[in-house]
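# Fold and geometry: a report
Listed here are the chains, written in short residue letters.
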Amino acid sequence: MSSDYEDLFNFSLDILCINGLDGFYRLVNPAFEKLLGYPADEIKAKHFLEFIHPDDRASTREEMKKRVNGRHTKHFQNRYRRADGTYVWIEWTSFPVPEKGVMYAVGHDITERKRAEEIRLQLEQEKAARIEAERGIEVRNDFISIASHELKTPLTSLTMHTQLINSMIQDGTLASLPQDTQQKLVDLTQRQLNRLTNLTGDLLNVSRISAGLVMLDLQASDLSQIVQNVLESSRIELEKCGCLIEAQLEPRLMGIWDSSRVEQVVTNLLSNAMKFGKGRPIRIVTQTDGGVARLLVQDQGLGIRPEDQARIFERFERAVPIKTHEGLGLGLYIAHQFVAAHGGTLRVKSALNKGSTFIAELPLATREQA
Ligand SMILES: Nc1ncnc2c1ncn2[C@@H]1O[C@H](COP(=O)(O)OP(=O)(O)OP(=O)(O)O)[C@@H](O)[C@H]1O
Ligand SMILES: [Mg+2]
């Protein structure tokens, strides 16, 4: 080597070396000795893979194969063990000359850069975990405050009613009320009780779903009959919202389903249609189509913006403020989970201010099953 080249070789801060394609170093510069902490002779005496971190050996071997085939390497990174047992990250640029059986390589110590990258990644992960945890707390807090509000409203109203009825019994005025007024008082109480029953049922269902404990009690069931039952038990709520029901029910629409879960689906969809339907008529259809039983619940109310149409099926997701419309944001989540548990689908077609149609499809039982 001429003295200029020699100086360049000796004073380079980067590693310069000539490596035999047999895996043994032929020549290493002082920067390499300094970085690893071994004298040149020791580096040259060992197969180079002995210095490589066990986790990087496979990728290094792969890289070596490419070099043996005469390919250049740029930005290849691996870890080398130093004399003190610690590892350094080196980024390599190398140039093989197969006819001489060697390759020339330049290595740059990137340990600091890697450490900074690792810290940055760790910080990013911690930040993402923190945001996730904060969101979890936020959702939980929102949920607790909404749930307690929702539970408190019917409870307060029930307490007031029973107090009123009680005082009317005491002063003898209850018996003198016309029968339909008496009926109204009972209906009102019943309505609050229904709400409480539904709310506690919803909370129970969600915890069952979250724990993966939804067991279906599959029996031959009639979808149209289930819809009839729901309509009957919703009589008071239907009267209150003033929505007319237009039902087109296919007689004896049989399937092997869990009828109480299907009833819950119908109840949740109908309760939404009443709540968001602006008192306009609600259409309920049951029909068979190929291998599925279809249930349509169509209202002509608020409608749902396209960007909200997917998320409303998630837990606690709502597209309206609690101030104007009561609810926990659980009805559709439960309905969706129950339909999916049957191997069916639940979707919505809607346009803002034009109403919504929820479509549930359940696999239809074969004739033998029914
Ligand atoms: N028929 C509908 N028309 C317009 N918006 C609807 C309709 N059904 C559901 N939504 C929107 O989807 C949201 C989620 O519905 P979901 O039934 O899960 O909750 P909720 O009715 O608000 O409360 P919950 O059912 O727990 O009492 C509603 O808050 C509402 O914004
Ligand atoms: Mg609902």
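Residues numbered from 1 in each chain as written. Chains lettered and ligands numbered in written order. Predicted model: local features only at pLDDT ≥ 70, side-chain atom pairs only at ≥ 80, totals over all residues.

The subject of this paragraph is unusual backbone geometry. Phi at H75 takes a positive value of approximately 60 degrees, unusual for a residue other than glycine. For H75, a count of 9 C-beta atoms within 10 Å gives the class exposed. Although it is not a glycine, K278 sits at a positive phi angle of roughly 55 degrees. The residue K278 is located in the loop between α9 (259-276) and β9 (282-289) in this model. (Buried ≥ 20, exposed ≤ 12 C-beta atoms within 10 Å, placed from the backbone. Helix = DSSP H or I, 4+ residues; strand = E, 2+ residues; numbered from the N terminus.)

Turning our attention to the site of ligand 1. If you check the shell around ligand 1, you find 23 residues, and the closest are F276, R318, A319, G327 and G331. For the shell around ligand 1, the secondary-structure elements that each account for two or more residues are α9 and α10 (331-341). In terms of residue count, the dominant contributor to the shell around ligand 1 is α9 (5 residues). A per-class count over the shell around ligand 1 returns 11 nonpolar, 8 polar and 4 charged. (Near = placed C-beta within 6 Å. Nonpolar A, V, L, I, M, F, W, Y, C, P; charged D, E, K, R; others polar.)

This part is about helix α4 (residues 57-68). Given 3.6 residues per helical turn, the α-helix brings residues three or four places apart onto the same face. Over its 12 residues, α4 runs 16 Å from end to end, which matches the ideal 16 Å to within 8%, given 1.5 Å per residue. Phi for G70, located one or two positions after α4, is positive at around 90 degrees. (Expected span 1.5 Å × (residues − 1).)

So, on to the environment of S210. Within the fold, S210 resides in helix α6 (residues 179-210). S210 gets classed as exposed once you count the C-beta atoms within 10 Å, which come to 11. Along the backbone, S210 and I334 are 124 residues apart, and their C-alpha atoms lie at a distance of 11 Å.

In terms of residue burial, α10 counts as a mostly covered element, since 9 of its 11 residues are buried. Buried within α10 we find G331, L332, Y333, I334, A335, H336, Q337, F338 and V339. Following α10 by one or two positions, G343 adopts a phi angle in the positive range, close to 85 degrees.

A word on the domain arrangement of the chain. Its domain assignment divides the chain into domain 1 (3-109), domain 2 (127-213) and domain 3 (216-370). Between the C-alpha centres of domain 1 and domain 2 the distance comes to 73 Å. (Domains from an automatic or database assignment.)

The 5 strands are arranged β7-β9-β10-β12-β11 in an open sheet whose pairing can be described as mixed. At either end of the open sheet lies a strand with only one pairing partner, and these are β7 (245-249) and β11 (345-351). Recorded for the sheet is a direction-independent mean angle of 15 degrees between the axes of neighbouring strands. Where α10 meets the sheet, its contacts fall on β11 and β12 (355-363), and the angle it forms with β11 comes to roughly 135 degrees. (Pairing = 2+ DSSP bridges. Axes fitted to C-alpha atoms, helices over the stretch in contact; angles between N-to-C directions. Contact = placed C-beta atoms within 7 Å.)

The pLDDT averaged across the chain works out to 90; a share of 98% of its residues lies at or above 70. Below pLDDT 50 for its whole length, residues 366-370 participates in 4 contacts with residues either more than four positions away or in separate chains. (pLDDT = per-residue confidence, 0-100.)

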